[in-house]
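Next come the chains, spelled out residue by residue.
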Amino acid sequence: MESLADFIAGMPKAELHLHIEGTLEPELMIALGRRNGISLPYPDAATARKAYNFSDLQSFLDIYYRATAVLITQEDFYDLTIAYLKKAASQNVRHAEIFFDPQSHTARGIPFETVISGIERALLEANSSLNISTKLIMCILRHLSEKEGFEIFDKAFAWKHWIAGIGLDSSERGNPAEKFMNLFELAHQEGFLTVAHAGEEGSADSVRQTLDILHVTRIDHGVHCMEDDALVAELAEKQIPLTVCPLSNVRLKVFESMKQHNLKAMLQKGLCVTVNSDDPAYFGGYVNENYIEAAKALQLDEKDIIQLAKNSFTASSLSSIHKQLYLTEIDRYIHQT
Ligand SMILES: [Zn+2]
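Below, the structure is looked at part by part. Everything quoted here is computed from the prediction, not taken from an experiment.

1. Digging into the overall build of the protein
A tally of regular secondary structure across the protein gives 17 helices and 8 strands. Over its C-alpha atoms the protein spans a radius of gyration of 19 Å, differing by no more than 12% from the 20 Å that the globule rule assigns to 337 residues. Across its three principal directions, the C-alpha atoms of the protein cover 50 × 40 × 40 Å. Relative to its 337 residues, the protein shows a buried fraction of 46%. A fraction of 74% describes how many contacts in the protein between residues 6 or more apart in sequence connect residues 24 or more apart.

What follows is the structure, encoded as structure tokens:
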């Protein structure tokens with residue numbers, strides 16, 4: 001297995017499903033808490049890590065939103081983002097499309113400008129010094145109202161040139177796609193890339209509705225699409241990308257164990273599936289660990305890994321010429337090894 005792990009580690013890849021707030025490692029959380037004078041329920045990073053014991057999406061979100069309270073200044077958002085980008089670059093992530101959740105910060109009184117300018121500074125720095133390309137996707141929290149979504153959309157408008165796409169995340173259960181129909185219509189009119197979480201804790205119907213009502217380019221997670229043969233056939237035919245996050249799915253009990261994960265079955269159906277880390281500080285690994293753990297449990301071979309890596313670029317929102325450059329990088333890598 002070690003040689004496949006090495007093969008994975010060296011593979012050029014894109015990450016398309018990554019919440020920047022979910023990269024807040026306990027060590028940084030403790031350091032920022034101290035810097036900003038915010039008391040946390042954990043005395044040290046090791047205790048915090050032990051507390052990351054979730055039973056489902058909601059129990060994870062409760063801890064997650066509490067941890068984001070340490071993010072106050074532009075410098076904090078810069079530190080958070082550059083730490084992720086350094087880690088990603090060390091794993092041969094060549095392109096990252098990064099989610100951020102401005103509503104979880106503006107609700108605490110942090111100005112939108114503070115959040116986005118800290119993140120953007122790190123992205124610009126990484127583009128030049130870490131040789132990694134990036135896009136920023138602003139996610140709307142689906143447990144809040146569409147009206148609140150529109151409010152953040154209005155705030156974001158002044159920074160439209162920094163935002164490539166609009167996404168939808170947080171609790172899927174009880175918050176159907178149709179709740180955000182008007183907001184996504186506006187996102188389309190304004191020329192944004194659109195993506196949405198669906199089919200993680202929700203069913204195949206949730207994936208169907210997200211496609212039919214929100215007309216998104218990509219589905220984040222989407223693993224429950226496999227319950228509906230007609231939907232699978234359509235997703236495969238149209239090559240609508242599904243950004244799967246194996247370690248997240250196991251930690252949040254979407255699957256009992258990695259061996260039960262349907263990633264390989266999705267590949268075998270010809271779906272444009274990609275591997276991503278979602279909230280790596282909480283789920284036990286960054287993108288390479290996701291590939292490696294899935295490969296071990298599901299007996300993925302080099303051919304599968306190549307397919308997943310190629311999918312990660314074809315599913316990205318890069319221009320076709322940029323996609324081709326990265327796909328050529330993969331071909332060169334395969335021939336070297
Ligand atoms: Zn996610």
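From this point, the narrative continues.
2. Thoughts on the pairing of strand β2 (residues 93-100)
In terms of burial, β2 is largely enclosed, as 8 of its 8 residues are buried. Inspection of the sheet shows β2 paired to strand β3 (residues 133-141) by 6 bridges, in the parallel sense. By the bridge assignment, A96 is partnered in β3 with T134.

3. Observations concerning the environment of E293
Within the element layout of this structure, E293 appears in helix α15 (residues 287-298). Spatially, the C-alpha atoms of E293 and K259 are 9.5 Å apart, while their sequence positions differ by 34 residues.

4. Things to note about helix α7 (residues 112-129)
Given a rise of 1.5 Å per residue, 18 residues ought to cover 26 Å, and the 26 Å separating the end C-alpha atoms of α7 matches this to within 8%. Buried residues belonging to α7 abut α5 (74-90), β2, α6 (103-106) and β3. Within two residues after α7, N131 carries a phi angle of roughly 55°, on the positive side.

5. Overview of the pairing of β3
Among the 9 residues that make up β3, 7 are buried, leaving the element largely enclosed by the rest of the structure. Note that β3 and strand β4 (residues 165-169) share 5 bridges and pair parallel. Bridge pairing in β4 links M138 to I166.

6. Concerning the sheet that holds strand β8 (residues 273-275)
Taken in spatial order, the 8 strands make up an open sheet running β1-β2-β3-β4-β5-β6-β7-β8, and their pairing is parallel. Of all strands in the sheet, those bounded by a partner on one side alone are β1 (13-19) and β8. Ignoring which end each strand starts from, the neighbouring axes of this sheet average 25° apart. Relative to strand β7 (residues 242-244), strand β6 (residues 218-221) runs parallel, the two being bridged by 2 bridges. Considered in β7, the bridge of D220 is made with T243. Sheet contacts for α15: β1, β2 and β8; angle to β8, the most-contacted strand, approximately 115°.

7. Some thoughts on the environment of A83
Within the secondary structure, A83 is located in helix α5. Residues A83 and A46, 37 residues apart in the sequence, show an inter-C-alpha distance of 19 Å. With residues near it in sequence (within four places) discarded, A83 still touches T23 and L28.

8. What to know about the environment of V250
With respect to the element layout, V250 can be found in helix α12 (residues 246-251). As for V250 and F7, which are separated by 243 residues in sequence, their C-alpha atoms are 24 Å apart.

9. Focus: unusual backbone geometry
Notably, Q239 is not glycine yet its phi reads approximately 50°, a positive angle. Residue D278 is not a glycine yet carries a positive backbone phi of 65°. Along the chain, the position of D278 falls in the loop between β8 and α14 (280-283). With 29 C-beta atoms counted inside 10 Å, the residue D278 sits in the buried group.

Calculation criteria
- Residues numbered from 1 in each chain as written.
- Predicted model: local features only at pLDDT ≥ 70, side-chain atom pairs only at ≥ 80, totals over all residues.
- Helix = DSSP H or I, 4+ residues; strand = E, 2+ residues; numbered from the N terminus.
- Rg over C-alpha atoms; globule rule 2.2 N^0.38 Å.
- Buried ≥ 20, exposed ≤ 12 C-beta atoms within 10 Å, placed from the backbone.
- Contact = placed C-beta atoms within 7 Å.
- Pairing = 2+ DSSP bridges.
- Expected span 1.5 Å × (residues − 1).
- Axes fitted to C-alpha atoms, helices over the stretch in contact; angles between N-to-C directions.

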